[in-house]
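Coordinate inspection notes
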Amino acid sequence: MSYLSSILMGILQGVAEFLPISSSGHLALFQYFFSLEDFEKTQLFFTVLLHFGTFLSVCVYYFQDIVDMVREFFLGIRDLARGSKTPPPPARRMVLLIVVATLPLFAVLPVKKYIEAATGSVTFVSIALLVTGCILFFSDRLAKGRKTAKNATVLDALLVGVAQGIGTLPGISRSGMTISAGMLRGYDRSFAVRFSFLMSLPAVFGATILELKDAIELGAIHTEMLPIYLVGVVVSFVVGIFAIRLVNALANKGKFGNFAYYCWAVGLVSLIAGFVVK
């Protein structure tokens, strides 16, 4: 792998991880059409580092939110021990909502092998991208909600969490599903984006740990490549910051659904190309 390849992969990770275009779907199509099915296995450690780069993007962009939630988590334990009945502040409610939204991911674990198998089907991924496009298209046509961490309910968070579980399918955008589900439940557009990215932290962190374990077991850690890998990580981190900012701006302007046209185009072209390549 060259520095140029590392930079390009960093850009792809930073863009596709946050824009509602399905990073897993793009990776699956890229591997299929360029016969790189073994890339993820041979460069598993690099993909782990790239995910860590975008993980840091969320941590930096929403740094104050994370600090507030960590502080309120411990204050909440203290108040619980004291038997305090004062209403929890928004940051403390945010912790509860994220925990609830993460629970549906455990239901995905038993079918994980089927989801991974679907990655190898260009037809499935293409249709999933078309579905993602439809979801994004109609998301802009939902009425503007006003719910934030102050008044969002546990049921709201649970349903957004279910959307995140569906977003594990290749070609279905996780951010697109969760942001759209939040809007459907009446979330303020800005809060829908913020909640989507913050709730991704536990999932991404857990997946990164599991992938790192796999990389170690497969002996896929090539220390001599670390300088090249680190360039890709820095690029994915920087590009990720701009991607988060872009999603926020478009959602606030009611133009989040513009990504639908891109998903439709890629889904349709890949669907046709899949039959031609066969």
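For the structure, check the block above.
Throughout, a residue's number is its position along its own chain's written sequence, starting from 1. pLDDT decides what is reported in this predicted model: residues at 70 or higher carry local features, side-chain atom pairs at 80 or more are listed and counted, and totals for whole chains, interfaces and linings draw on all residues regardless. As a convention, hydrogens and water are excluded, and side-chain values are obtained from all of the structure's heavy atoms.

To find leftover empty space, one rolls a probe the size of a water molecule over the atoms. Buried and open spaces are told apart on a 1 Å grid over the protein atoms alone, a cavity being a set of points where a 1.4 Å probe fits but cannot get out and a pocket being an open set with protein on both sides within 12 Å along at least five of seven lines. Residues with an atom within 4 Å of a point are the lining residues. Grid points are joined across faces, edges and corners, and a volume is the space filled by probe spheres set on the points. In this structure the tally under the stated criterion is one cavity of 30 Å³ or more. Within this model, the largest cavity holds a volume of roughly 70 Å³. Lining the largest cavity are Glu17, Phe18, His51, Thr54, Phe55, Val58, Arg174, Phe197, Ser200, Leu201 and Val204. Residues are sorted three ways: Asp, Glu, Lys and Arg are charged, Ala, Val, Leu, Ile, Met, Phe, Trp, Tyr, Cys and Pro are nonpolar, and all the rest, Gly among them, are polar. A per-class count over the lining of the largest cavity returns six nonpolar, three polar and two charged.

The next point concerns the pattern of salt bridges. The term salt bridge refers to a pairing of a side-chain nitrogen on Lys or Arg with a carboxyl oxygen on Asp or Glu at a separation within 4 Å. For the structure on display, the rule yields eight salt bridges. A salt bridge links arginine 194 to aspartate 65, with the shortest nitrogen-to-oxygen separation between them at 2.8 Å. Highlighted residues: arginine 194 in helix 11 (residues 189-218) and aspartate 65 in helix 5 (residues 63-82), separated in sequence by 129 residues. Assessed through its relative accessible area of 24%, arginine 194 is described here as partly exposed. Per-residue accessibility, obtained with a 1.4 Å probe over protein chains only, is compared with the maximum for each type, and a residue is labelled buried under 20%, exposed over 50%, and partly exposed between these values. Here aspartate 65 falls in the partly exposed class, since its relative accessible area comes to 22%. Residue aspartate 68 pairs with arginine 71 through a salt bridge whose shortest N-O separation is 3.2 Å. Of this pair, aspartate 68 and arginine 71 both sit in helix 5, three residues apart, which is roughly one turn of that helix. Strands here are runs of E lasting at least two residues and helices are runs of H or I lasting at least four, both read from the DSSP assignment and numbered beginning at the N terminus.

Throughout, nonpolar core names a set of buried Ala, Val, Leu, Ile, Met, Phe, Trp, Tyr and Cys residues whose side chains join them through atoms within 4.5 Å. Membership of the largest hydrophobic core comes to 48 residues, with the highest contact counts inside it found for Met94, Tyr187, Phe195, Phe197 and Leu198. No other element matches helix 11, which puts nine residues into this core. Sequence-distant contacts of phenylalanine 197, that is, excluding residues within four places in its chain, are made with Phe18, Val58, Tyr62, Arg174, Ser175, Ile244 and Val247. Within the second largest apolar cluster, ten residues are counted, among which are Phe46, Leu50, Ile228 and Val233. Throughout, a residue-residue contact means that at least one pair of heavy atoms, one from each residue, lies within 4.5 Å.

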